[in-house]
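Summary of structural features
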Number of protein chains: 2
Amino acid sequence: MADNNKKMVEAITSMEEDFAKWYTDVVKKAELVDYSSVKGCMVIKPYGYAIWELIQKQMDERFKALGHENVYMPLFIPESLLQKEKDHVEGFAPEVAWVTHGGSEPLPERLCVRPTSETLFCEHYAATVHSYRDLPKLYNQWCNVVRWEKTTRPFLRTREFLWQEGHTVHATAEEAVAETEQMLNVYADFCENVLNMPVVKGRKTESDKFAGAVATYAIEAMMHDGKALQAGTSHYFGDGFARAFNMTFTDKENKLQYMHQTSWGTTTRLIGAIIMSHGDNNGLVLPPKVAPTQVIVIPIAAHKPGVNEKAQELVERLSKRFRVKADFSDNSAGWKFAEYEMKGVPLRLEIGPKDIEKNQCVLVRRDNREKYFVSLDNLEEEIETLLDTLGKALYEKAAGNIANRTYRCASIEEIKQNLAEKGDGFVLAMWCGEEECEDKVKELTGVGSRCIPFKQEHLSDTCVCCGKPAKHMVVWGNAY
Amino acid sequence: MADNNKKMVEAITSMEEDFAKWYTDVVKKAELVDYSSVKGCMVIKPYGYAIWELIQKQMDERFKALGHENVYMPLFIPESLLQKEKDHVEGFAPEVAWVTHGGSEPLPERLCVRPTSETLFCEHYAATVHSYRDLPKLYNQWCNVVRWEKTTRPFLRTREFLWQEGHTVHATAEEAVAETEQMLNVYADFCENVLNMPVVKGRKTESDKFAGAVATYAIEAMMHDGKALQAGTSHYFGDGFARAFNMTFTDKENKLQYMHQTSWGTTTRLIGAIIMSHGDNNGLVLPPKVAPTQVIVIPIAAHKPGVNEKAQELVERLSKRFRVKADFSDNSAGWKFAEYEMKGVPLRLEIGPKDIEKNQCVLVRRDNREKYFVSLDNLEEEIETLLDTLGKALYEKAAGNIANRTYRCASIEEIKQNLAEKGDGFVLAMWCGEEECEDKVKELTGVGSRCIPFKQEHLSDTCVCCGKPAKHMVVWGNAY
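Residues numbered from 1 in each chain as written. Chains lettered and ligands numbered in written order. Predicted model: local features only at pLDDT ≥ 70, side-chain atom pairs only at ≥ 80, totals over all residues.

1. Topic: the overall build of chain A
Within chain A, the regular secondary structure consists of 15 helices and 23 strands. Along the first, second and third principal axes, the C-alpha set of chain A runs to 80 × 55 × 50 Å. Every one of the 480 residues in chain A was classed for burial, and the buried ones make up 48%. At a minimum sequence separation of 6, the contacts of chain A that also span at least 24 residues come to 68%. (Helix = DSSP H or I, 4+ residues; strand = E, 2+ residues; numbered from the N terminus. Buried ≥ 20, exposed ≤ 12 C-beta atoms within 10 Å, placed from the backbone. Contact = placed C-beta atoms within 7 Å.)

Structure, rendered in structure tokens:
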């Protein structure tokens, strides 16, 4: 296994030395993705895709429990359809891929490869919803989308990515607003309870909202290096698209009304967020609920009689409740420890002749390497508890990072000083609401507005930039 | 509910009158798909997509149980990559969609939207497989593909469709051949046991095989109108692509060898096959294992006290084992019967005041409308049995259709006569193996070769066309 052994030698670049390099090392060495000759697109390898499948499954269950239904819309959008909503086309046209030929024939009209599917859902709803009885329509789709990004990084920013996009229409603005908020809460809850990743919920500023939206809400996570990562967005459209696409219905009084609309999405970048929230210098650290393997069983002194058999027996027994694998290869135990640490497997189970004698095994946590000698009699309960504890510890560690890297600032100088001394983080500072000040803060400090968090603090009465009366506290920061 | 009531009036065109119109009526009225402004592409609506999700889930479990892993390859293929294998590019280039611009910039090289992903998998395997220890690689992906078809029909032939494509590489030809056969068997078993659809397994003739394959195997189903539908294919590539893409590995003796390769796929056209295998003049008839709703509960005399409550109680009870819904709308019972017959729900459960008195309910089978008065005490077992019986009955009916429409023919005249008198079907006739004769049979009788079935019969010693010694019995027919 010359190839595999090499991995132990090629250490992962340490985070402190070069965070960006650490990230790409982990992504590559944990075998999450690979590059191909298709620039800016990724090959998602089995281990990476298995994480995505676990995200999909658990998120999809939550969507369906709230009455959403999955559909599938075409990959292509005719140019004329994309152009129907003015702000939307302005926002997306510069970054779409255009199909101009089908076979050897030029197309009569260019088709863009969907960067997002509002226009297709609008067309569909306009054609199929007629009465208030048809509302609400709560559709979602899991698919690929394309945005022609100039600079790309696996999971974080790629020309093609996988996502889900929910698109709903409602009879009233109130219902649509409630849906927008509900889905933001679903995302936040998912990040916190499934990915063990705390997030800040808030509203995007006018300059930062989705092309065509009345309001964009987002959840912002903080990565290990203090940079923000937008982990999900939920948009309220009012009836803007409805007017552009003539999406009407007859209400209970038989009057024609415009529909009220939302959309919301999360993407494969969640995997990037997992890596940069929980990973360490030994590689990936996976939240137990999305770990393709939750427990890796490693036979110790496997040449001794009965060890491999016992290990196999444990795998079969534990598979009923957990995602478990064993490594029976002839690599050394040390090599295996390093390998599954790098892959972020939450628990390592070691079983050797002495353990068998004592009817026990050793469990080692990935996050802090704590060792537990556990009786085989109540192994399932111990694993359940440890996975749960580990998940909570990941959350607490990430929350600690946010606490350490949140800077409450009353002046531009203070912002600059905090960033210079402590590095990237969430800068909390008051804002007057003017785009001019938003731009100026960015220009002077380097950090942009991430969101206006729902949980407001009253840091002062005045805008950190112009000194005029403040309207909101804003989270500022650098972002992925 | 003026809109909904209309459906009862607009009857579905009868199959006997116009099978093609019957098909599109069912597809539209059972709310499986809708059209959009994107020509040749379909909007898959919730009910249609739910069927696809059930197909995906059950097929994916079978793939994984055999050691396959899911991955995700890019949507785009650079033109130069597509061109690496001569036969492959000749086969696919005429029907691909070309992306020529990213944003406002023309691309340095055209990218085609994947019509299939052999080339991307080849590139990946060439880069990542080095030693016999890395083999086999058993990858699969669920994704969308695009082929620029001129004539399209929902599910059967669309410019974009959803599918799974398995791509595997092996150390030896024997292993690759075994994989090709194994996956064909998985497909046949899936069609027979999940979709209740009998299929003929066989090999495609040289002229009909996949672009770049050494051999293509297929399963052919027969639709209600006697036409064939290719329901899945499995290709053996030998080392043809391996040579074109320089896919080598070092074997146990440390010698450089080419990999041996397969690919296999099934698509959303399986939904078309379900419709045309089992449907009738009242609409869809769904195989129980892929029916989004297996049991529809309909309260009878719902205004009477306790009826809706009892119906709701049954839904909650049965949901633990089945996919169940109730219709509490104020539409008439007759309207509801027609609605869920059209949607192909396998079992209707009627519950009214008299039934409640007798501690029973009425179950009605979708396929033959047989009525069963069933005690509520052992309802789950009765439903289980009925769903199973119904599935088997669908299979038997479809097998009967094949038996009735299989014509063993010894001459061109006999072929013509059978087709003229009995309509489309599987024509069994001997063939010398020459492409010239294959073309001539098509020219003279209108039917093409579907496959050389694994189950050969010795109908005569000579080719039905030229009279020279026969090599194979071929299934001929018209196909979707």
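2. Observations concerning helix α10 (residues 307-318) of chain B
Residue and element names in this part refer to chain B. Between the first and last C-alpha of α10 there are 16 Å, a value that for twelve residues agrees with the 16 Å anticipated at 1.5 Å per step. By the burial criterion, the buried members of α10 are Ala311, Leu314 and Leu318. In a view along the axis of α10, the buried residues occupy a sector of 60°, so they form one face of it. Looking at α10, the residues exposed on the side facing more than 90 degrees away from the buried face are Glu309 and Glu316. On its buried face, α10 sits against β15 (295-299), β16 (324-326) and β17 (347-351). (Expected span 1.5 Å × (residues − 1). Arc of directions from axis to C-beta.)

3. Some words on the relation of the copies chain A and chain B
At an RMSD of 0.0 Å, chain A and chain B line up after a rotation of 180° and a shift of 0.0 Å along the axis. Interpreted geometrically, this transformation is the action of a two-fold axis. Rotation axis and chain A: the residue whose C-alpha lies nearest the axis is A:Val99, separated from it by 2.1 Å. Looking at chain A, 100% of its interface residues are interface residues in chain B too, so the copies touch through the same face. (Least-squares fit on C-alpha atoms with pLDDT ≥ 70 in both.)

4. A short note on the sheet that holds strand β14 (residues 260-267) of chain B
Two pairing modes exist for strands in a sheet, parallel and antiparallel, and in both the strands are linked by backbone hydrogen bonds. All names here are of chain B. Ordered by their spatial adjacency, eleven strands build an open sheet running β3-β7-β8-β14-β11-β10-β9-β22-β23-β21-β20, and the pairing between neighbours is mixed. Whereas interior strands pair on both sides, the edge strands pair on one side only; in this sheet they are β3 (69-70) and β20 (406-408). In this sheet, strand β23 (residues 472-477) lies alongside strand β22 (residues 448-453) in antiparallel orientation, the contact comprising three bridges. Bridge pairing links Ser449 to Trp476 in β23. (Pairing = 2+ DSSP bridges.)

5. Points about the interface of chain A and chain B
At the interface, 47 residues of chain A touch 47 residues of chain B. Among the elements of the structure, β2 (43-44), α3 (46-65), β3 (69-70), β4 (76-78), β5 (97-102), α6 (118-128), β7 (137-146) and β8 (160-170) of chain A are those that each provide at least two residues to the side of chain A that touches chain B. If one sorts the elements of the side of chain A that touches chain B by residue count, β5(A) sits on top with six residues. Broken down by class, the residue content of the side of chain A that touches chain B amounts to 25 nonpolar, 13 polar and nine charged. (Nonpolar A, V, L, I, M, F, W, Y, C, P; charged D, E, K, R; others polar.)

6. A short note on the sheet that holds β5(A)
Strands sit in the order β4(A)-β6(A)-β5(A)-β5(B)-β6(B)-β4(B) across an open sheet of six strands; the sheet is antiparallel. Of all the strands in the sheet, the pair left with one neighbour each is β4 of chain A together with β4 (76-78) of chain B. Averaged over all pairs of adjacent strands, the angle between strand axes in this sheet comes to 45°, irrespective of strand direction. Sheet topology note: the β4(A)/strand β6 (residues 105-113) of chain A ladder contains three bridges and is antiparallel. (Axes fitted to C-alpha atoms, helices over the stretch in contact; angles between N-to-C directions.)

7. What about the pairing of β5(A)?
The pairing of β5(A) with strand β5 (residues 97-102) of chain B spans five bridges and is classified as antiparallel. Across the sheet, A:Trp98 pairs through a bridge with B:His101, a residue of β5(B). Pairing analysis gives four bridges linking β5(A) to β6(A), with the strands arranged antiparallel. Following the sheet pairing, A:His101 is matched in β6(A) by A:Pro106. Between β5(A) and β6(A), which pair antiparallel in sequence order, lie two residues; one of them, A:Gly103, sits at a positive phi of approximately 65°.

8. Structural notes on the environment of B:Ala171
All names here are of chain B. Tracing the sequence through the fold places Ala171 in the loop between β8 (160-170) and α7 (173-193). Between the C-alpha atoms of Ala171 and Tyr340, which are 169 residues apart in sequence, the distance is 51 Å. Ala171 has contacts with Tyr132, Leu135 and Asp251, leaving out every residue within four places of it along the chain.

9. Quick notes on helix α15 (residues 435-445) of chain B
Residues and elements named next belong to chain B. All buried positions along α15 are accounted for by Cys437, Glu438, Val441 and Thr445. Buried residues of α15, seen end-on, are gathered within an arc of 105° and therefore sit on one face of the element. What points out from α15, more than 90 degrees from its buried face, is the exposed set Glu435, Glu436 and Glu443. The elements touched by buried residues of α15 are α14 (412-422), β21 (426-431), β22 and β23.

10. Details of the pairing of β17(B)
Residue and element names in this part refer to chain B. β17 sits mainly inside the fold: four of its five residues count as buried. Sheet topology places β15 next to β17; five bridges connect them, and they run parallel. Its bridge partner lying in β17, Pro299 is registered against Ile351. For β17 and strand β18 (residues 360-365), the ladder comprises four bridges, and the chain directions are antiparallel. Across the sheet, residue Arg348 finds its bridge partner in β18, namely Val364.

11. Some thoughts on unusual backbone geometry
Cis geometry marks the peptide bond from A:Leu135 to A:Pro136; its omega dihedral reads -5°. Here A:Pro136 shows up in the loop between α6 and β7. We note that B:Phe155 has phi near 70°; this positive angle belongs to a residue other than glycine. Assignment of secondary structure puts B:Phe155 in the loop between β7 (137-146) and β8.

12. With respect to the domain arrangement of chain A
All names here are of chain A. With domains assigned, chain A is organised as domain 1 (13-278), domain 2 (293-401) and domain 3 (406-477). Spacing between the C-alpha centres of domain 1 and domain 2 amounts to 37 Å. On the side of domain 2, nine residues touch domain 1, which itself brings eleven residues to the contact. (Domains from an automatic or database assignment.)

13. Here's the deal with the environment of B:Leu379
Residue and element names in this part refer to chain B. Considering the arrangement of structural elements, one finds Leu379 in helix α13 (residues 379-404). Residue Leu379 is classed as partly exposed on the basis of its 19 C-beta neighbours within 10 Å. For the pair Leu379 and Ser14, spaced 365 residues apart in sequence, the C-alpha separation works out to 35 Å.

14. Structural notes on the confidence of the model for chain A
Residues and elements named next belong to chain A. The predicted model of chain A averages 96 in pLDDT, with 98% of residues at 70 or higher. Predicted confidence is poor over residues 1-9, with pLDDT under 50, and the contacts of this stretch with residues over four places away or in other chains come to ten contacts. Complex prediction metrics read pTM 0.96 and ipTM 0.95. (pLDDT = per-residue confidence, 0-100.)

15. Topic: the environment of A:His130
All names here are of chain A. Structurally, the position occupied by His130 is in the loop between α6 and β7. His130 gets classed as partly exposed once you count the C-beta atoms within 10 Å, which come to 14. With 144 residues separating them along the chain, His130 and Ile274 place their C-alpha atoms 43 Å apart.

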